[in-house]
Amino acid sequence: MYKSLLSISLFLVALTGYSQQKQTYSFNLEEAIAFAIDSNYTAINARRDMAIALKQKWETTASGLPQVSGSVSYNNNIKQPVTLIPAEFSGGEPGTFSPITFGTKQSANAVATLNQLIFDGSYLVGLQAASAFLRFSENATEKTNLEVRKGVINAYGSVLLADELVAIFESNKKNLEKNLFETRQIFENGLTEEESVEQLEITLLDIETQLSNAKRSAGIARQMFNIGLGISIDANVTYTDTLDGLAFQNTSLQLLDQSLNVKDNVDYKIAQNLTEQRELEVKLEQSKALPSLSAFLNYGTTANSNSFTFLNGDQRWYQSSVLGINLSVPIFSSGMRNARTQKAAIALDQAKTDLEETTQQINLQLDTARSNYQFAIEKFENSKQNIALSERIERKNQIKFTEGLSTSFELRQAQTQLYTAQQQYFQSMLDLINAKAEIETVLNIPQLRIESDTVKN
């Protein structure tokens, strides 16, 4: 018995430990983008907005289809109303009244009604508006996916940048500690000044501070990346791409010559959707001046009794049925419909102006993105040369300092210049990757559109 309990306990402990293990993932950049578009929190809700638009479209469509309603009622007149009639009707004295009760004490009624809209101008416009809203939701989802893609690229690159900075700071720290140890030995032997040791100590303290900050930044960058993918911030992720590899892949001068079809830009499509909606609002107000026609068919059955006998087979039920048509014709609104139509027309003019402004802004965004991308490429190339030059200068000053031909201050300047060049080099890689993502977003490359028929209910 004891062994059995011990085995069960060990099994439960092992099961608990297994359940508490962090989930692990492995992504290159493209895999991370695909995962995020499917699992990112904002992307998920964008698809739900599309599903809502689909349901709203059917809701609008169904309002013009046959509608059937039914009702069942039961009445029990605990105190039946009394009516006074002239007494002379029953042989009584003229000028007096006799109380009488009409009907039975209990009654039951069942009615079914079919309603059908035959013509309504606002309904036809509503169908068009529902379709337009669905297209707007599709475009909004596409914009969300483009923003998610751009965000994942930035987050992925930020993690790689943070890791590179941690690695370079650790390497610099190791080299500085070695230099500081050797310089202290030289100082203790009386072959150099104490300032040489102090200058290296200042540099080492600065590197240690930057290293600590880089490690914290790396942790935050990983959490931000996980949130962008829609996974737990504590999940372990392996990044299979490298920063320099992505920088090389994202250097494409051909992209600078890529032409723009403004109608492919998602911001233009959304602005076009809003203009279309304003046009439909004008049509809606105009349609309210048209008559509307509907029909209904009613069928009911009624039973009466002084006691509850409605479930008995011999209870008599009396049927009734009505067929009717309703025609509503707007005649005079004191100018209200005209004012609403004019207001909608003004809103349409505003939407057209916004569409023109959006077109110009998109062209400006593309020119700006091209300029930034060109600058990022140039900055990346210059940073590669700068880091090579800074490394040579630092090595020369290191040799001169060791041989007593330069001061510790000059060595510190060379080291600081190298550390700055290293950070600028890695930052230029991330800037290049992000600049390419920006220009691709304006050009809508790649197109990340999700059609409404692919949205799961």
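In this text the structure is predicted, and so the values were computed from the model without any measurement.

## Some words on the overall build of the protein
(1) Moving on: Along the backbone of the protein there are 9 helices and 8 strands.
(2) Moving on: The C-alpha radius of gyration computed for the protein amounts to 40 Å, which surpasses the reference 23 Å derived for 457 residues by more than 25%, pointing to a less compact arrangement than a globule.
(3) Moving on: C-alpha atoms of the protein, sized along the principal axes, occupy 145 × 80 × 40 Å.
(4) Moving on: Residue burial in the protein is summarised as follows: out of 457 residues, 35% are buried.

## Some points on the sheet that holds strand S7 (residues 292-305)
(1) Moving on: Pairing in this open sheet of 4 strands is antiparallel, and the strands run S2-S5-S7-S8 from one edge to the other. Each having just a single partner strand, strand S2 (67-76) and strand S8 (318-328) make up the two edges of the open sheet. For this sheet, the mean inter-axis angle between neighbouring strands, taken without regard to orientation, is 15°.
(2) Moving on: Sheet topology places strand S5 (residues 106-119) next to S7; 13 bridges connect them, and they run antiparallel. Paired with Asn115 across the strands is Phe296, a residue of S7.

## Focus on the nonpolar core
(1) Moving on: Counting 73 residues, the largest nonpolar core has Phe27, Val152, Tyr156, Phe225, Leu229 and Phe426 as its most contacted members.
(2) Moving on: Ranked by the residues each element gives to this core, the list is headed by helix H4 (residues 121-188), at 16 residues.
(3) Moving on: If we skip the residues at most four places from it in the chain, Val152 touches Leu29, Ala32, Ile33, Ala36, Phe225, Gly228 and Leu229.

## Points about a nonpolar patch on the surface
(1) Moving on: A contiguous nonpolar patch, built from Val68, Leu114, Leu297 and Leu323 and spanning about 400 Å² of accessible area, is present on the exposed surface.
(2) Moving on: With respect to the helices, strands and loops of the structure, Leu297 is situated in strand S7.
(3) Moving on: For Leu297, a relative accessible area of 39% corresponds to the partly exposed category.

## Quick notes on the packing of H4 against helix H9 (residues 408-443)
(1) Moving on: Packing of H4 against H9 brings their axes to within 10 Å, and their N-to-C directions diverge by 170°. On the basis of their axis angle, the class for H4 and H9 is roughly antiparallel.

## A look at the side chain of Asn397
(1) Moving on: With respect to the element layout, Asn397 can be found in helix H8 (residues 336-402).
(2) Moving on: At 2.8 Å, the side chain of Asn397 and the backbone oxygen of Ile393 are in polar contact.
(3) Moving on: Once residues within four sequence positions are removed from consideration, Asn397 is found in contact with Ser406, Glu410, Leu411 and Ala414.

Cut-offs applied
- Residues numbered from 1 in each chain as written.
- Predicted model: local features only at pLDDT ≥ 70, side-chain atom pairs only at ≥ 80, totals over all residues.
- Heavy atoms only, no water.
- Helix = DSSP H or I, 4+ residues; strand = E, 2+ residues; numbered from the N terminus.
- Rg over C-alpha atoms; globule rule 2.2 N^0.38 Å.
- Buried < 20%, exposed > 50% of the residue type's maximum accessible area, 1.4 Å probe, protein only.
- Pairing = 2+ DSSP bridges.
- Axes fitted to C-alpha atoms, helices over the stretch in contact; angles between N-to-C directions.
- Core = buried A, V, L, I, M, F, W, Y, C linked by side-chain atoms within 4.5 Å.
- Contact = heavy atoms within 4.5 Å.
- Patch = residues over 30% accessible without salt bridge, like charges linked within 9 Å, V, L, I, M, F, W, Y side chains within 5 Å.
- Areas by Shrake-Rupley, 256 points an atom, 1.4 Å probe, with all protein chains shown as cover.
- Salt bridge = Lys/Arg side-chain N within 4 Å of Asp/Glu carboxyl O.
- Parallel < 35°, antiparallel > 145°, perpendicular 65-115°, else oblique.
- Polar contact = N/O pair within 3.5 Å; in protein donor to acceptor, adjacent residues only side chain to side chain.

The values reported here are purely geometric and, on their own, carry no functional implication.
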